[in-house]
Amino acid sequence: MSLVVMWVNELQLSKMLAGTFLKIPVLEKIKKEFAMFKETIICIVIVIAIIFGNNTTQNYTRESVSELSGRLIQLRESAKKENLKNETIKKEAEDIYQQWVKRHEKLAYFIEHDELEKVETELITIKSDIETEAYEELISGIDRSVFILKHIEDKYAFNLENVF
């Protein structure tokens, strides 16, 4: 019987010591600092993820704008040299539009839809100007498209002007 009483007393003593052990001020301070350390690590991971995501989207935007602008400028030069009835100009305009449709799907995740719709409207206008053989409107439509694309690139670039 005394063995059971000793074991119960030992169990109660260990519970009491455990309770007082956890209430020592040094250990409380260590627990708070560890919790603060975890929060700091989580914040750092979130900031790194945001920077990585921004860099990825900015690179994709820059690549898309560069490629489409280059092809539009080539289309403008082709239109200046050749007759608008030429099938290669029509095919080139259609290829540019199809490329835009592919790029638009990914760009829509992180760019305002209004900006993307402006580009799409201009590209459709370019195709219709080629069909109607409206040379002056075609050149101005291409220039507007290039301007809107450059505006999108500048608007979403990560720089001090856009941050503040």
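Calculation criteria
Residues numbered from 1 in each chain as written. Predicted model: local features only at pLDDT ≥ 70, side-chain atom pairs only at ≥ 80, totals over all residues. Heavy atoms only, no water. Salt bridge = Lys/Arg side-chain N within 4 Å of Asp/Glu carboxyl O. Helix = DSSP H or I, 4+ residues; strand = E, 2+ residues; numbered from the N terminus. Buried < 20%, exposed > 50% of the residue type's maximum accessible area, 1.4 Å probe, protein only. Axes fitted to C-alpha atoms, helices over the stretch in contact; angles between N-to-C directions. Parallel < 35°, antiparallel > 145°, perpendicular 65-115°, else oblique. Left-handed = near helix turned anticlockwise from the far one by under 90°. Contact = heavy atoms within 4.5 Å. Nonpolar A, V, L, I, M, F, W, Y, C, P; charged D, E, K, R; others polar.

J.: Provide a residue-level description of the pattern of salt bridges, including the pertinent values.
T.: Under the counting rule described, the total for this entry stands at 10 salt bridges. Close ionic contact of arginine 103 with glutamate 63 constitutes a salt bridge, the shortest N to O distance being 3.2 Å. Of the two residues, arginine 103 is situated in helix α3 (residues 87–107) and glutamate 63 in helix α2 (residues 25–81); the sequence distance between them amounts to 40 residues. The exposure class assigned to arginine 103 is buried, which follows from its relative accessible area of 11%. The exposure class of glutamate 63 is partly exposed, given its relative accessible area of 43%. When salt bridges that share partners are traced, they join Glu63, Glu67 and Arg103 into one network.

J.: An account of the packing of α3 against helix α4 (residues 113–131) is needed here, citing residue identities and associated values.
T.: Interaxial distance between α3 and α4 falls to 10 Å at its minimum, and their mutual angle equals 165 degrees. Considering the angle they form, α3 stands roughly antiparallel to α4. In the packing of α3 onto α4, the handedness of the crossing is left-handed. Counting all contacts with α3, which are made through Ile89, Lys90, Ala93, Glu94, Ile96, Tyr97, Trp100, His104 and Leu107, the residues of α4 involved are Leu116, Val119, Glu120, Leu123, Ile124, Lys127, Ile130 and Glu131. Looking at the contact of α3 with α4 residue by residue, the class counts come to 11 nonpolar, one polar and five charged.

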